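What the coordinates show
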Amino acid sequence: MVELKLGELFGSVLVFGGAYSNLAATRALENVAKTRNIAPGNVICTGDVVAYCAEPEATVSLLCGWQIPVVMGNCEESLAAQAEDCGCGFIEGSLCSVLSRGWYAYASRQISESCRQWMTALPRRILFTLANRSFAVVHGSVRQMNRYIFASTSADEKIDEINAIGTDVVLAGHSGLPFGQCFGNKTWINAGVIGLPANDGTRDGWYLLLQPEDEGLTVSWHRLHYDASLSSRSMQAAGLQEYAQALLTGYWPSMDVLPRCERSCRGLKLDLPTICLP
């Protein structure tokens with residue numbers, strides 16, 4: 001298990017996932033970090049930098065040049081190994097599985113050998129401390145890279161995962177939906193993704209800020225506003241129609257991976273409260 005240990009961080013930390021080959025969104029997030037004066041070492045990605053959208057090589061190149069810590073997602077693992085599929089954990093024959101064949105094959109054709117080498121070297125976990133709390137950054141879950149953990153996933157399952165790694169907080173990605181939950185002195189957080197909307201009928205992506213305060217640590221989610229039409233047009237030109245429409249409508253083309261609770265929230269504009277960790 002390759003781990004990256006960042007040690008103790010100071011100041012605000014920006015966390016995001018799922019750049020998904022969306023170059024415009026990734027550029028917008030880089031601008032957010034610069035505007036907020038957050039150094040690259042305090043910007044962390046939960047993986048899947050390459051997926052649904054049409055500019056995988058340019059997106060990876062931007063992240064490499066930015067020099068931020070990035071966790072390996074299942075898409076990076078698959079592309080690095082030149083596997084036949086994305087390893088997302090979609091049910092065989094589901095619409096997500098069918099659609100993934102198109103965008104994954106496209107991404108694999110576009111990615112250079114140097115980008116594959118970068119993916120190969122990515123850590124599967126990132127560990128750091130902030131404001132006297134220990135954090136582990138993973139892609140899906142602690143034990144399984146492509147496991148989907150949602151807000152409706154049972155508390156017992158999340159606590160078991162947190163206990164397995166022994167940190168105060170787990171920061172995860174993969175599911176595409178931002179949320180945070182506290183269980184006593186343990187916390188599970190999903191930062192959300194920037195490359196696709198959160199199935200809430202808006203075009204926005206999501207990112208997370210961890211901000212040390214005198215009284216503790218605040219965890220807040222923020223919408224990423226960017227020109228989604230730019231990415232949608234590039235996807236349409238590449239023949240990636242279904243997800244190109246998703247960028248404009250704010251709705252996923254399939255909800256195969258979602259539990260009943262998350263399916264029922266389709267089209268409900270997200271409004272996530274700030275969490276304060278004492």
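Scroll up a little and you will see the structure.
Attention now moves to the packing of aromatic side chains. By the definition in use, this model includes seven aromatic pairs. Look at Tyr52 and Trp103: their rings are 4.8 Å apart centre to centre, the planes differ by 55°, and that puts the pair in the tilted class. Within this pair, whereas Tyr52 is found in the loop between β3 (43-45) and α2 (56-66), its partner Trp103 is found in helix α4 (residues 95-110), the two being separated by 51 residues in sequence. On the basis of an interplanar angle of 75° and a centroid distance of 6.3 Å, the ring pair of Trp103 and Tyr104 is categorised as edge-to-face. As far as burial versus exposure is concerned, Trp103 and Tyr104 are alike and both buried. Joined through ring pairs, the aromatic side chains of Tyr20, Tyr52, Trp103, Tyr104 and Tyr243 make up one cluster.

Pairing is mixed across the open sheet formed by six strands, whose spatial order is β1-β4-β5-β6-β8-β7. The two strands at the open ends of the sheet, each matched to only one other strand, are β1 (3-8) and β7 (179-183). Taken pair by pair, the neighbouring strands of this sheet meet at an average axis angle of 15°, ignoring direction. Here strand β5 (residues 133-137) runs beside strand β6 (residues 169-172); their pairing, made up of three bridges, is parallel. Note on β6: the bridge partner recorded for Phe135 is Val169.

Ranked by size, the top nonpolar core spans 85 residues in total, and within it Leu14, Phe16, Trp103, Phe128, Leu171, Leu208 and Leu210 carry the most contacts. Here the element with the most residues in this core is helix α1 (residues 23-35); it accounts for seven residues. Discounting chain neighbours no more than four positions away, the residues touching Leu14 are Leu29, Val32, Ala33, Ile38, Asn42, Val43, Ile44, Tyr207, Leu208 and Leu209. Among the nonpolar cores identified, the runner-up in size contains 12 residues, and Val142, Ile165, Ala172 and Phe179 belong to it.

Now for helix α5 (residues 113-120). Two residues of an α-helix separated by three or four positions point the same way, owing to the 3.6 residues in each turn. Of all the residues in α5, the buried ones are Cys115, Arg116 and Met119. Down the axis, α5 shows its buried residues gathered within 100° of arc, on one side only.

This part covers the pattern of salt bridges. All chains considered together, the criterion is met by nine salt bridges. Among the salt bridges present, the one from Glu3 reaches Arg125, with a minimum N-O distance of 3.3 Å. With Glu3 in strand β1 and Arg125 in strand β4 (residues 125-130), this residue pair connects regions lying 122 residues apart in the sequence. Overlapping salt bridges bring together Arg143, Arg147, Glu157, Asp160 and Glu161 as one network.

Cut-offs used in this document
Residues numbered from 1 in each chain as written. Predicted model: local features only at pLDDT ≥ 70, side-chain atom pairs only at ≥ 80, totals over all residues. Heavy atoms only, no water. Phe/Tyr/Trp six-rings, centres within 6.5 Å; stacked < 30°, edge-to-face > 60°. Helix = DSSP H or I, 4+ residues; strand = E, 2+ residues; numbered from the N terminus. Buried < 20%, exposed > 50% of the residue type's maximum accessible area, 1.4 Å probe, protein only. Pairing = 2+ DSSP bridges. Axes fitted to C-alpha atoms, helices over the stretch in contact; angles between N-to-C directions. Core = buried A, V, L, I, M, F, W, Y, C linked by side-chain atoms within 4.5 Å. Contact = heavy atoms within 4.5 Å. Arc of directions from axis to C-beta. Salt bridge = Lys/Arg side-chain N within 4 Å of Asp/Glu carboxyl O.

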